Amino acid sequence: MSTSVQLQLVGCLLAVLYTVWRIVRPFVIKSPLDNIPGAESDSWLIGNIAKLKHPKDSWTFQKSLVERYGRVSTFYGIFNMKWLYTYDPRALHSIYMKDQDVFQESDVLTTSFGLFIGPAVVAVLGEQHRKQRKMLNPAFSVKHLREMNPIFNDVIRKLEIAIASRVKDGPREIDMLDWMGRTALELIGQGGLGYSFDPLTEDKADEFAESLKAYFPHEAQIPGIIHANLPKLVQIGPAWFRRKIVEMVPHPIAQRMLRISDVMHTQSVRIIKEKRAALERGDEALKQQVGEGKDLMSVLLRGNMLASAEERLSEEELIAQVSALVLGAMDTTSNALSRTLHQLAQHPDVQEKLREELKQARDNGSGGLRDLDYDEVMELPFLDAVCRETLRRFPPIRLLERLVTKDAVLPLSAPIQGKDGSMIESIPVHKGMRVLTDLEASNCNKELWGEDAYEWKPERWLKPLPSAVEEARMPGVYSHLMTFIGGSRSCVGFKFSQLEMKLVLATLLPAFKFEPSKQTICWNAAGVSYPSVGEHLTKPAMPLVVTSLRA
């Protein structure tokens, strides 16, 4: 028997032994989670992961954990390993603020982002992450957002014209998810990258926009057993070898994700090359570009050129930032805007109240409407309340995973009762353990927000919040909420997102009325929640009946 055959046999034997050990391990090694109540396993191979990742069933599974077990519980992952599930305020503070070094960003998530978009800020850890955040922070400052406000208004005006042209002959059903996605892409394109992706005239977006919109729905369909083992799979051979393997996989999701990754990378390389060439030609060349050099990427590239060698980002990191910026800014904000329009269509009284506030604020004194500047749009009370309530009740990203890097103790805001009847005040966590934090359940915690926590009520933000909310000291960077999380990995662009949402609503609501269509809209669980038509379809879409209000 040749040496190569012997090595292959040894490799196969080790793989089998590892798999067997992973399966029997939960039965022979005790876990500090054994005394914590939680869900029963559905499968010895994938535990409850199938339910958790299912676009429809995930909502039911999440709700059962909240209603049956409360702030802290357990469920089963791959090979029946127990996971800790929590939305306990003090536990979240420990995870996202106090003990960030213990509760690291999930290796599955960072590997997935690294695999499909490259070493961007969402895909790296430690010193590399700190360096990238330091470079990105100035681009998202309030001062810079004020400068981009006119760019935003110009893009959104094109959206208004596009929708108006489609409803000029009367009410019409329009897929608002598609238009929100295209607008969000153009806003991050012009405001973020100094690049125009879409003139917002045709009825169909280009391949780049379609790829971005398809990323999270398709990524969510990667089989759980494959997704959970990505950190190990990417260590097999060089990158070109892994790509060849994926190209041969006869699975539509694998091929679609490969195409999405290629499209994003190609466009990102083109943008960086064009932007750098303009910078090298000087200020006059920048003024001829979209955004006149005030965009986020121009700020980032300038800062990178002036940075020391130790702080400078590599070419690969810069290219990856483009994909990360457009992916993060497009899907999360466009879906949050779609959710807001969906809620306004279902609550016509709220829609009308908001419309009146916006019309008064935009009144130019001669019967027309003017654009609002940054401070004006950010200070409108009911617009702010509508946006906050949507982001509270329906955070685009519902669940986030953390990996325990070393043994520690997770504190709780109040004791829970263990399976043996004892009261548990804190939970020992061991290296390698996985923790799933529920951002939506935290935002809708009845102990803090009251019995109506799961109801969409913008008016709650027009009066003092419950004292329990203030006293909980949630670690989120925004309005006592976990929507944008907190700590060093909080959403770097949350103020950009807020401005975008408010300016889009400030333009659309005075011009159009939105009503539900006859088609049922269902929201799907994924990396970023998204709507589709009917209970069985998962293709992203959200048709609403749109009526022009202009004479």
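What comes next concerns the included structure. Computed from a prediction, not measured in an experiment: that's the story for all the values here.

## A few points about the overall build of the chain
Okay, step 1: Counting its secondary structure elements, the chain contains 23 helices and twelve strands.
Okay, step 2: For the chain, whose C-alpha radius of gyration is 24 Å, the value lies close to the compact-globule estimate of 24 Å for 551 residues.
Okay, step 3: C-alpha atoms of the chain, sized along the principal axes, occupy 85 × 55 × 45 Å.
Okay, step 4: For the chain, the proportion of its 551 residues judged to be buried stands at 54%.
Okay, step 5: By element, 56% of the accessible surface of the chain is carried by carbon and sulfur atoms, the whole surface being about 24500 Å².
Okay, step 6: Side-chain charges in the chain split into 68 positive and 68 negative, and the spacing between the mean points of these groups amounts to 3 Å.

## Concerning a nonpolar patch on the surface
Okay, step 1: On the surface, Ile226, Leu233, Ile236, Trp240, Phe241, Ile245, Met248 and Val249 cluster together into a nonpolar patch covering about 750 Å² of accessible area.
Okay, step 2: The dominant element in the nonpolar patch, judged by the number of residues it contributes, is helix H12 (residues 239-248), at four residues.
Okay, step 3: Among the secondary structure elements, isoleucine 226 is positioned in helix H10 (residues 224-228).
Okay, step 4: According to the relative accessible area criterion, isoleucine 226 is partly exposed, its value standing at 39%.

## Topic: the nonpolar core
Okay, step 1: Core analysis: the largest hydrophobic core is formed by 142 residues, its most contacted members being Met176, Tyr215 and Phe514.
Okay, step 2: Examining the composition of this core, we find that 15 residues originate from one element, helix H16 (residues 315-346), more than from any other.
Okay, step 3: With sequence-adjacent residues up to four places away left out, methionine 176 is seen in contact with Ile163, Ser338, Leu341, Leu508, Phe514, Met542, Leu544 and Val546.
Okay, step 4: Ile49, Phe75, Trp83 and Leu399 belong to the second-largest nonpolar core, a separate cluster that totals 15 residues.

## Some thoughts on the pairing of strand S5 (residues 399-404)
Okay, step 1: Among the six residues of S5, six are classified as buried, and the element is accordingly described as predominantly covered.
Okay, step 2: In S5, alternate side chains face the same way, and those of Leu399, Glu401 and Leu403 on one face and Leu400, Arg402 and Val404 on the other are all buried.
Okay, step 3: Judged from the three bridges that link them, strand S3 (residues 103-105) and S5 form a sheet pairing that is antiparallel. Bridging across to S5, glutamate 105 finds its partner in arginine 402.
Okay, step 4: Relative to strand S8 (residues 434-438), S5 runs antiparallel, the two sharing five bridges. Looking at S8, one finds that leucine 400 is bridged to threonine 437.

## Topic: the sheet that holds strand S12 (residues 543-548)
Think of a sheet as strands paired side by side through backbone hydrogen bonds, with each pair either parallel or antiparallel.
Okay, step 1: The strand order S4-S12-S9 describes an open sheet built from three strands, whose pairing is antiparallel. Both outer strands of the open sheet, strand S4 (172-175) and strand S9 (512-516), are each paired with one neighbouring strand and no more. Between one strand axis and the next, the sheet turns through 40° on average, direction left out of account.
Okay, step 2: Against the sheet, helix H8 (residues 176-193) touches S4, S9 and S12, its axis set at about 50° to S4.

## A short note on unusual backbone geometry
Note on backbone geometry: most residues besides glycine have negative phi, and most peptide bonds are trans.
Okay, step 1: A positive phi is found at phenylalanine 79, a non-glycine position, where the angle reads about 55°.
Okay, step 2: Notably, isoleucine 485 is not glycine yet its phi reads approximately 45°, a positive angle.

## Remarks on the sheet that holds S8
Okay, step 1: Here we have five strands laid out as an open sheet, ordered S1-S2-S8-S5-S3, and mixed in their pairing. Looking at strand neighbours, the two that pair on one side only are strand S1 (72-76) and S3, the edges of this open sheet. Between one strand axis and the next, the sheet turns by 35° as a mean value, whatever way the strands run.
Okay, step 2: Where strand S2 (residues 82-86) and S8 come together, three bridges link them in parallel fashion. Bridge assignment links threonine 86 to a residue of S8, and that residue is threonine 437.
Okay, step 3: Against the sheet, helix H4 (residues 89-98) touches S2, S3, S5 and S8, its axis set at about 115° to S8.
Okay, step 4: Its contacts with the sheet place helix H5 (residues 107-116) against S3, S5 and S8, and it is angled at close to 20° to S3.

## Focus: the environment of phenylalanine 512
Okay, step 1: By the element assignment, phenylalanine 512 lies in strand S9.
Okay, step 2: Residue contacts for phenylalanine 512: discarding those within four places in its chain leaves Glu160, Ile163, Ala164, Val167, Gln351, Arg355, Val546, Thr547, Ser548 and Leu549.

## Considerations on the state of the cysteines
Okay, step 1: Overall, the coordinates contain zero disulfides when judged by the stated rule.
Okay, step 2: Left without a disulfide partner, cysteine 387 is nearest to the cysteine sulfur of cysteine 491, which lies 15 Å away.
Okay, step 3: Classification of cysteine 387 by relative accessible area gives buried; the value is 3%.
Okay, step 4: Free cysteine cysteine 444: the closest other cysteine sulfur is in cysteine 387, separated by 17 Å.

Parameters at a glance
Residues numbered from 1 in each chain as written. Predicted model: local features only at pLDDT ≥ 70, side-chain atom pairs only at ≥ 80, totals over all residues. Heavy atoms only, no water. Helix = DSSP H or I, 4+ residues; strand = E, 2+ residues; numbered from the N terminus. Rg over C-alpha atoms; globule rule 2.2 N^0.38 Å. Buried < 20%, exposed > 50% of the residue type's maximum accessible area, 1.4 Å probe, protein only. Areas by Shrake-Rupley, 256 points an atom, 1.4 Å probe, with all protein chains shown as cover. Lys, Arg positive; Asp, Glu negative; His and termini not counted. Charge placed at Lys NZ, Arg CZ, Asp CG, Glu CD. Patch = residues over 30% accessible without salt bridge, like charges linked within 9 Å, V, L, I, M, F, W, Y side chains within 5 Å. Salt bridge = Lys/Arg side-chain N within 4 Å of Asp/Glu carboxyl O. Core = buried A, V, L, I, M, F, W, Y, C linked by side-chain atoms within 4.5 Å. Contact = heavy atoms within 4.5 Å. Pairing = 2+ DSSP bridges. Axes fitted to C-alpha atoms, helices over the stretch in contact; angles between N-to-C directions. Disulfide = S-S within 2.5 Å.

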